[in-house]
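Close look at the chain arrangement
Given next are the chains, with one letter for each unit.
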Amino acid sequence: MQHGTSQTSAERDEAFEARLNRVSFIVLVAFFVVAPLQPFVDIYPVFLMKALCFGLFACAFNLLIGFGGLLSFGHAMFLGMAGYVSAYTAKSWGFTPEIAILAGTAAATLLGIPTGLLAIRRQGIYFAMITLALAQMVFFFCVQAPFTGGEDGIQGVPRGKLFGLLDLAPTMRMYFFVLAIFLAGFLLIYRIIHSPFGQVLKAIRENEPRAISLGYRTERYKLMAFVLSAALAGLAGATKALVFQLASLTDVHWTMSGEVVLMTLLGGLGTIFGPVIGALVLASMEFYLAEIGSWVTIVQGVIFVVCVLAFRRGILGELEAWLRRRPRKAPPAAR
Amino acid sequence: MDTIFGVPTGALFGQLLIGLINGSFYALLSLGLAVIFGLLNIINFTHGAQYMLGAFCAYFLLNKFGLSYWWALVVAPIAVGASGVIIEKLFIAQLYKLDHLYGLLLTFGLALIIQGVFRHEFGSTGLPYAMPGELTGGYSLGFMFLPMYRAWVILASVVICVGTWFVIERTRLGAYLRAATENPALVQAFGINVPRMITLTYGFGVALAGLAGVFAAPIYQVSPLMGADLIIVVFAVVVIGGMGSIMGSIVTGFGVGVIEGLTKVFFPEASNTVIFVIMAIVLMIRPQGLFGQR
C-alpha cells in the first residue's frame, strides 16, 4: 500500500515536472522571440544575443555540475578557445559562419578530451582546482600564441554569409540565427539530461561507488559529460565571437570561468532553465550597469556570498520549490 | 665567463635565486592552504586576496602610521589573521554541514569583493613599497650577486615553514590539531573546544598569507590584484604536492619555484606554463599528488 502511494506521488512529481518544463520552454521561446520585436521597452538585440550566448554557456556548464556533480572552474578555456578559432577561420580563411562555428566547437571538443582525462582523475575540490589551473595554462597559451593577436585579440571579424547565401550583417538576422543555435544547443542538453546517459550521470553524482558496483564505468561517463559540456561551451563561444565580431583574452580569463559559475548558481544549480535566467541577470548587469564600472566585480562577489549562504537553490530552484509546496488544483484522494 | 650547459653561471644562479624566492611564496601560501584544508575541509580561495591584504597592511603602516617593515612583519599577519577569524565566524562556519564545494564558492565570492573594493579604491597600478634600510645592499658571492633582502625572504620563509611543521607534527597543540583533522567529534568529547580550534586554525593559515604579503611588498609592487593570479599557481602547487602532509607542501612549494626559475633560463617561452605542465604530468603518474594519500 505504502509502496503504491509513493509510486503514484513519484509519477505525479514527474508529470508535474514535465508540465512545468513545457510551460517554461514556451515562455522562454516566446520571450526571446517577442523581446527584440516589441515596441514598448528598448531591449537591444545585441544585449539579448550576449544573454543567449552566456545562457548556452551556462547550460553547458550546468550539464557538468548540475547533473554530473563536477564543478569546473575552467570553463572559460572552451568558450575562449572556440571563440578564437571561429574568429580566426572566419576572418583569415574566409569560412562561412556555420563552418566557422563548427570549427570553433570542434576545437573546444578537442581541448575537452585531454583536459577532461586529466581532471576526472580527481574529484570535488581537486577537480575544481585542476580545471582552473589547466584553464590558466590555456590562457597563457593564448597570450603568447601568434594567431590570437595577444592583447588586441582578433578584431573586425566578418559575420559572413550563412551557407554562403544569407548575409548576417543585419542585426535582426544575426539575432534569429543566434536564437536558433541557442535553442538547438538547449534542446540537445535537455535531451542528454533525460536520456539513459543522463540518468547514469545523475546516479554517479548521487553515489559513485554504487554506480561502479552496478557495473557502470563511471570514468567514461564523466569524461563523456566533460567533453559534451566543453563542446557546447565551445558552441556558445564560437557564436559569441561572430556576434561581437571579436575574440579576446577576456573570454579565456579565469574571471569568465567564475562568471559562468555565478550565472548557474544564481539561476539554480541542476535546474534546466535556471542557467538561462542567471545568464540574463548577469548579462543585463554588465550591459546596463556598465557605468558603475569596477563595482560590477564587487556586486558579483556579493551575489556569490548571498547565494551560497542563503539562496543555494537559486532563483529557479526557489521558484520550483514554492510551486511544489503550493496546493495542487485537484488534490488526489488521501489514500 | 663560466658557463653551465651553455648558460652563463651568473644568469643561471640569478634565475635559481628568483626561483627560490617564488618558491618561498608558493611554500608559505600552500602551507596555509594545507593547514586550513586539513581542519576545515575547504579550499580557501580568498587566500590570494589575503596575501594582498598583508601587503597593503604593510603599505598603510609605513605611509600612514610611519611604522617600519619590522612592525609590519608582526602587525600585518595579526590584522589579516583577525580579519580571517571574523570571516570564519560570520560566513564559513555556516557551511561545514554542506558540500565542500560551497566553501570554495563562498571564498571565491569573498575574494572578488575584497579585490574589487581595493581595485575601486587604488586602481590596478601598483604602489611602491620602500625596501627596509637594514636589508638593502647585498653580498658578492664571486659567481653571483646576492641581494640581502632576497636572502632574508628565503631564510625567513624556511624558518617559518619549518616552525609550522614543528608545531603541527611535534607538539601537543599540533597533536590536538591532527586528531581533530581525523575525528573532530572524538576530540570534542575529550573536552577540547573544536569550533574555536577551527576558527583559530583559519586565522593562522590566513595570517601566513598576510605574512607572505609583507615579504612580497618590497619585491613586487603592492597592487589589488597581486594575489589573483598567484593563487591559481598555488592551487597547481597544491595539486602537485597533494594535501596529505605539511612537509610535502613546503618541499613542493620550493621545488616547483626552483624548476620554474630554471625553465626561465633554458626554455623561457614555457616559464608561465611549466607549473601547469608539471601538474598534468603528476596527475597522469600519481593522481593523488607527490605527498598525498589515497
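Residues numbered from 1 in each chain as written. Chains lettered and ligands numbered in written order. Predicted model: local features only at pLDDT ≥ 70, side-chain atom pairs only at ≥ 80, totals over all residues.

**Considering the overall build of chain A**
Of the regular secondary structure elements, chain A holds 13 helices and four strands. The globule rule puts the C-alpha radius of gyration for 335 residues at 20 Å, and the 21 Å found for chain A is close to it. Dimensions along the principal axes, computed over C-alpha positions, put chain A at roughly 70 × 50 × 40 Å. Out of the 335 residues in chain A, the part that is buried amounts to 47%. (Helix = DSSP H or I, 4+ residues; strand = E, 2+ residues; numbered from the N terminus. Rg over C-alpha atoms; globule rule 2.2 N^0.38 Å. Buried ≥ 20, exposed ≤ 12 C-beta atoms within 10 Å, placed from the backbone.)

**Things to note about the overall build of chain B**
A count of helical and extended segments in chain B gives 11 helices and four strands. Taking the principal axes of its C-alpha atoms as reference, chain B extends roughly 65 × 50 × 35 Å. Residues counted as buried form 50% of the 294 residues belonging to chain B. Sequence separation of 24 or more characterises 75% of the internal contacts of chain B that already satisfy a separation of 6 or more. (Contact = placed C-beta atoms within 7 Å.)

**Some words on the packing of helix H3 (residues 76-92) of chain A against helix H10 (residues 254-267) of chain A**
Residues and elements named next belong to chain A. At a minimum axis separation of 8 Å, H3 and H10 run at an interaxial angle of 120 degrees. Relative to H10, H3 is oriented oblique. Between H3 and H10, the contacting residues are Ala-76, Leu-79 and Gly-80 on the first element and Trp-254, Met-256 and Ser-257 on the second. The residue inventory of the contact of H3 with H10, partitioned by class, reads four nonpolar, two polar and no charged. (Axes fitted to C-alpha atoms, helices over the stretch in contact; angles between N-to-C directions. Parallel < 35°, antiparallel > 145°, perpendicular 65-115°, else oblique. Nonpolar A, V, L, I, M, F, W, Y, C, P; charged D, E, K, R; others polar.)

**Some points on the interface of chain A and chain B**
Taken together, the 33 residues of chain A in the interface contact 31 residues of chain B. Elements supplying a minimum of two residues to the side of chain A that touches chain B: helix H5 (124-144), H10 and helix H12 (295-310) of chain A. The residue makeup of the side of chain A that touches chain B, split by class, is 23 nonpolar, eight polar and two charged.

**Section: the environment of Val85(B)**
All names here are of chain B. Relative to the helices and strands, Val-85 is located in helix H3 (residues 69-90). The spatial distance from the C-alpha of Val-85 to the C-alpha of Thr-201 is 8.8 Å, given a sequence separation of 116 residues. The contact partners of Val-85, leaving out residues within four places of it in the chain, are Thr-199, Tyr-202 and Gly-203.

**Observations concerning helix H2 (residues 47-65) of chain B**
Residue and element names in this part refer to chain B. Here H2 contains 19 residues, and its C-alpha end-to-end distance of 26 Å stays within 8% of the 27 Å for a straight helix at 1.5 Å per residue. In terms of burial, H2 is largely enclosed, as 14 of its 19 residues are buried. Phi for Gly-66, located one or two positions after H2, is positive at around 65 degrees. (Expected span 1.5 Å × (residues − 1).)

**Examining unusual backbone geometry**
Phi at Gln245(A) takes a positive value of approximately 55 degrees, unusual for a residue other than glycine. Its place among the elements puts Gln245(A) in the loop between helix H9 (218-244) and strand E4 (246-247). Taking the C-beta count within 10 Å as the criterion, Gln245(A) has 17 such neighbours and is therefore assigned partly exposed. One non-glycine residue, Asn41(B), lies in positive phi territory at about 60 degrees. Within the secondary structure layout, Asn41(B) lies in the loop between helix H1 (9-40) and H2.

**A word on the environment of Leu201(A)**
Residue and element names in this part refer to chain A. Assignment of secondary structure puts Leu-201 in helix H7 (residues 196-206). Judged by C-beta crowding, with 28 C-beta atoms within 10 Å, Leu-201 ranks as buried. Put simply, Leu-201 and Glu-219 are 18 residues apart on the chain and 10 Å apart in space, counted from C-alpha to C-alpha. Setting aside anything within four residues of it in sequence, one finds Leu-201 in contact with Phe-67, Gly-68, Tyr-221 and Ala-225.

**Describing H7(A)**
Residue and element names in this part refer to chain A. Within the sequence span of H7, burial applies to Val-200, Leu-201 and Ile-204. Viewed along the axis of H7, the buried residues span an arc of 105 degrees, placing them on a single side of the element. Exposed and facing more than 90 degrees away from the buried side of H7 are Pro-196, Gln-199 and Glu-206. Lining the buried residues of H7 we find helix H2 (45-68), helix H8 (208-213) and H9. (Arc of directions from axis to C-beta.)

**Looking at the confidence of the model for chain B**
Looking at chain B as a whole, the pLDDT averages 89, with 98% of positions reaching at least 70. We note a pTM of 0.89 for the whole complex and an ipTM of 0.88 for its interfaces. (pLDDT = per-residue confidence, 0-100.)

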